[in-house]
Amino acid sequence: MSLLEVKNLRTHFMSRDIDNQIRVAEALNGVSFDLEAGKVLGFVGETGAGKSLTAQSICGLLRPPARVVEGRVLFDGQDLTAMPSEELNELRGAQIAMVVQNPRTSLDPLTRIGDQLVRIHQAHTGGPLTASRERALEMMTAVGIPDPKNRASAWPHELSGGMAQRVLIAMSLMNRPKLLIADEPTTGLDVTVQAQILDLLKNLTQRFDMAMIIITHDLGIVAHYSDEVAVMFAGTIVESGPVAKIFEAPSHPYTRSLIAATPERLQMGSGAKLGGQPPDLYNLPTGCHLRTRCVFAQNICTDTPPNREVGTDHFAMCHFAGRLPESGA
Amino acid sequence: MTAPILVVEDLVKRFPAGRSGAFVNAVNGVDLKIVPGETLGMVGESGSGKSTIGRAILRLTEPTEGRITFDGRDITNIPAHKMRPLRRDMQMVFQDPWSALNPRMRIGDLIAEPMKLHLDLSRSERENKTVDLATRVHLRPEFLRRHSSDLSGGQLQRVCIARAIATNPKLIVLDEPTSSLDLSVRAEILDLLSEIRQQTQAAMLFISHDLGTVKLISDRIVVLYLGSVVETARSQTLFSNPAHPYSQSLLSAHLPADPKAELARHVLEGEVPSPINLPSGCTFHTRCPVAIQKCSTHAPGPQQIDDPEHFANCLRISDGGNRILSTETS
Ligand SMILES: Nc1ncnc2c1ncn2[C@@H]1O[C@H](COP(=O)(O)OP(=O)(O)O)[C@@H](O)[C@H]1O
Ligand SMILES: Nc1ncnc2c1ncn2[C@@H]1O[C@H](COP(=O)(O)OP(=O)(O)O)[C@@H](O)[C@H]1O
Ligand code: SF4
Ligand code: SF4
Ligand SMILES: [Mg+2]
Ligand SMILES: [Mg+2]
């Protein structure tokens, strides 16, 4: 049994339009993956692909009109989608922790950072205050905050972006989570700060035997910090597998176009046509959702493609996976 | 050698900081040169002064000190009304296409606007040229009648580029033009820019914090730290042989999208000091792993490295102590 098993997760946004007709945005369309303890899974895909929504659906952080309409999330064998919300709240922040893109908005501006760390420890683990304070200093040290004793009394607004992100990571670690979900943890930070934060996260997953999901649109981060990759498009994981295989032998046309668009591989003046409009979630094309953008599309693509195994632990959801011509994106 | 289209000498820009009489030392004596047709990349972390330099060149912010020569003409102090005809030769593209475009105007009028301002064309000439420009940036003509809210970020950035090239400028300053775009869209915009550069021979100052993008598009690159140029080199040279300790560490933090690429990491300790109280001597000395005593008192000037276009401002070039990595970055 894996630490996390996500099975056929479907999340929709339901609203009524001006004519009082129900409109449904099909944002997640059957997301399935497993994650073992100690492993890092990188989620990539363009803006709006559903990466954050996957994380929020797993953690039970959806707000109306978003709703999980189908699927199961097994964490340590427990089904989170069936769990009462108090129980789930207890689990989140303790066994499952989340680090988000904008650290400032996630910190309470009116509480000193040391007290915020203590508070989350008290809320979930409890025990004597002194133990929580000690744990806070220990975690601040673990995430590389210099002079933690003094820094504990700092206010959030006194921190730089990189330092605020470290505090958020320290906070996420307070209750020894088994799973850490980092949603664009370094987007907007400078590369040298990004390197510090990513090295830290990778190091922590190894030290504490945590599993980590790292959501990013940066293929450089995925290449160097994850063990496995899930490529998302229009609310579906279109390709998944070990990181080396995904880069060596990308088997879904969308993955190919993403990799071809990296500066390392881009040929200037090639007339690259790699992007395109994301499909309308209120009116998804039948069959393969990429088909209006895909250069390989054939008639059969109006049927939903199977998730083909193209190698060991390597899957791609395309009628022609494993049989695509070598070149072309 | 061709005469440069742009020469920036000893540019200084200080902003008042609060009421205390203190200053933000945003740009501290920057020299730059761009020849026609050349793309100069400018990299550095946020707050290193990239945007301020770009804005000062276009006189969107007044330089505190220094000289800016454009097309052989000293434009440092010319009054705003004389700046106006020059705008047609110097254009700018910003990071955020959403806020750069008036949402009430149609795309066609947005593209035509710079021509209306700067070129003496009849209405039909302008309309023809608008369609022509849309084609050149690969926008379908039907978009011309729409508003910016109907377009995606990538399409809007094409509109901004069309506006920037409408008057056949000699220099285009691009400030993080692809930073808000998704990877595939970014690739298309970079491709478009290289196409335009070939067609027009316009010089470009390409500002970005994304090292991979800058490497790809630039002929030469300058590296900034705390408002000073620390290194200048041809693009390939900078990545294969960075000489300044800061450039070495910056490039070592870059993550190529290839799991096989070896990383020779040297992650810097600490954070960039405040530009209000600049460190003395070499402003990098507070974080430099190979600093010596002299570094806190002497400001280094440019030292030539392996070729006549490669300079680094570091006191340890002469004794070879400037290497911070045991292995070379690649
Ligand atoms: N209230 C809403 N109603 C309808 N669709 C929504 C709503 N909120 C978000 N979405 C859609 O959900 C999709 C998934 O978004 P998200 O998970 O944030 O993408 P990512 O993190 O991959 O950029 C997006 O296409 C977005 O447009
Ligand atoms: N209008 C302004 N007033 C005060 N300080 C400014 C202003 N514009 C920029 N600065 C400061 O100048 C420095 C350089 O900023 P900027 O040129 O925007 O850097 P970059 O583009 O490299 O991120 C920063 O410390 C910034 O806070
Ligand atoms: S199933 Fe068809 S449309 Fe979809 S990715 Fe494969 S070839 Fe392209
Ligand atoms: S001058 Fe000194 S402090 Fe500055 S980069 Fe060179 S060695 Fe480091
Ligand atoms: Mg997101
Ligand atoms: Mg800037």
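Structural data are supplied above this passage.
As a starting point, this report considers the structure included with it. Only a predicted model underlies this, so the values are computations on that prediction, with no experimental measurement involved.

### Overview of the packing of helix H4 (residues 107-118) of chain B against helix H6 (residues 153-165) of chain B
Residues and elements named next belong to chain B. Where H4 contacts H6, the axes come no closer than 7 Å and their chain directions differ by 30°. Classed by the angle they form, the pair H4 and H6 counts as roughly parallel. Judged by the sense of rotation from one axis to the other, the crossing of H4 with H6 is right-handed. Across from Ile107, Leu110, Ile111, Glu113 and Pro114 in H4, the residues of H6 making contact are Val159, Ala162 and Arg163. For the contact of H4 with H6, a count of residues per class yields 6 nonpolar, no polar and 2 charged.

### Structural notes on the environment of A:Asn175
All names here are of chain A. Counting through the fold element by element, Asn175 comes out in the loop between helix H7 (161-173) and strand E7 (179-183). Asn175 sits in the buried class, given a relative accessible area of 9%. Sequence separation between Asn175 and Ala297 is 122 residues; the distance between their C-alpha atoms is 48 Å. A distance of 3.3 Å separates the side chain of Asn175 from the backbone oxygen of Ile120, its partner in a polar contact. A polar contact is formed between the side chain of Asn175 and the side chain of Thr125, at a distance of 2.6 Å.

### Focus: the packing of aromatic side chains
Scanning all chains against the criterion turns up 5 aromatic pairs over all chains. Here the aromatic rings of A:Phe33 and A:Phe43 are separated by 5.2 Å at their centres, their planes lie at 75°, and the arrangement is edge-to-face. Of the two residues, A:Phe33 sits in strand E2 (residues 22-35) while A:Phe43 sits in strand E3 (residues 40-44), which places them 10 residues apart along the sequence. Neither A:Phe33 nor A:Phe43 differs from the other in exposure class; each is buried. Here the aromatic residues B:Tyr225, B:Tyr246 and B:Phe284 are joined through ring pairs into a cluster of three or more. Over the ring of A:Tyr282 we find A:Arg23, and its NZ or CZ is 3.9 Å from the ring centre.

### Let's talk about the sheet that holds strand E9 (residues 228-233) of chain A
Residues and elements named next belong to chain A. Read across the sheet, 8 strands follow the order E6-E7-E8-E3-E9-E10-E12-E11 without closing on themselves; strand pairing throughout is mixed. Looking at strand neighbours, the two that pair on one side only are strand E6 (96-99) and strand E11 (307-311), the edges of this open sheet. In this sheet, adjacent strand axes meet at a mean angle of 20° when their direction is disregarded. Of the strand pairs in this sheet, E7 and strand E8 (residues 211-215) are connected by 5 bridges, and their pairing is parallel. Counted as the bridge partner of Asp183 is Ile215 from E8. Contacting E3, E9 and strand E10 (236-242), helix H11 (residues 253-260) runs over the sheet at an angle of about 105° to E9.

Reading guide: rules and limits
- What you see as residue numbers is a count from 1 along each chain, following the sequence as written.
- Chain labels run from A onward and ligand labels from 1 onward, assigned in the order the entries are written.
- Where totals are concerned, whole chains, interfaces and linings use all residues; where local detail is concerned, this predicted model gives features only for residues with pLDDT of at least 70, and gives and counts side-chain atom pairs only at 80 or more.
- Where side-chain values are given, they derive from all heavy atoms of the structure, hydrogens and water being excluded.
- Interaxial angles span 0 to 180 degrees and are taken between N-to-C directions of axes, which are lines fitted to C-alpha atoms, for helices over the stretch in contact.
- Here a helix means four or more residues in a row that DSSP labels H or I, a strand means two or more in a row labelled E, and each is numbered from the N terminus.
- For classification purposes, an angle smaller than 35 degrees is called roughly parallel, one larger than 145 roughly antiparallel, one from 65 to 115 roughly perpendicular, and anything else oblique.
- Left-handed describes a crossing whose near helix is turned anticlockwise from the far helix through less than a right angle; right-handed describes the clockwise counterpart.
- Two residues form a contact once any of their heavy atoms are found within 4.5 Å.
- Residues were grouped as follows: Ala, Val, Leu, Ile, Met, Phe, Trp, Tyr, Cys and Pro as nonpolar; Asp, Glu, Lys and Arg as charged; and all remaining residues, including Gly, as polar.
- With a 1.4 Å probe rolled over the protein chains alone, any residue whose accessible area is under 20% of its type maximum counts as buried; one over 50% counts as exposed, and the rest are partly exposed.
- Here a polar contact is taken to be a pair of N or O atoms separated by no more than 3.5 Å, where protein atoms must pair a possible hydrogen donor with a possible acceptor and residues adjacent in sequence count only if both atoms sit in side chains.
- Aromatic rings from Phe, Tyr and Trp, with only the six-membered ring used for Trp, were paired whenever their centres fell within 6.5 Å, and each pair was classed as stacked if the ring planes differed by under 30 degrees, edge-to-face if by over 60, and tilted otherwise.
- Each ring is checked for a lysine NZ or an arginine CZ that lies within 6 Å of its centre and within 35 degrees of its normal; such an atom marks a charge sitting over the ring.
- In this scheme, strands are said to pair when DSSP sees at least two bridges between them.

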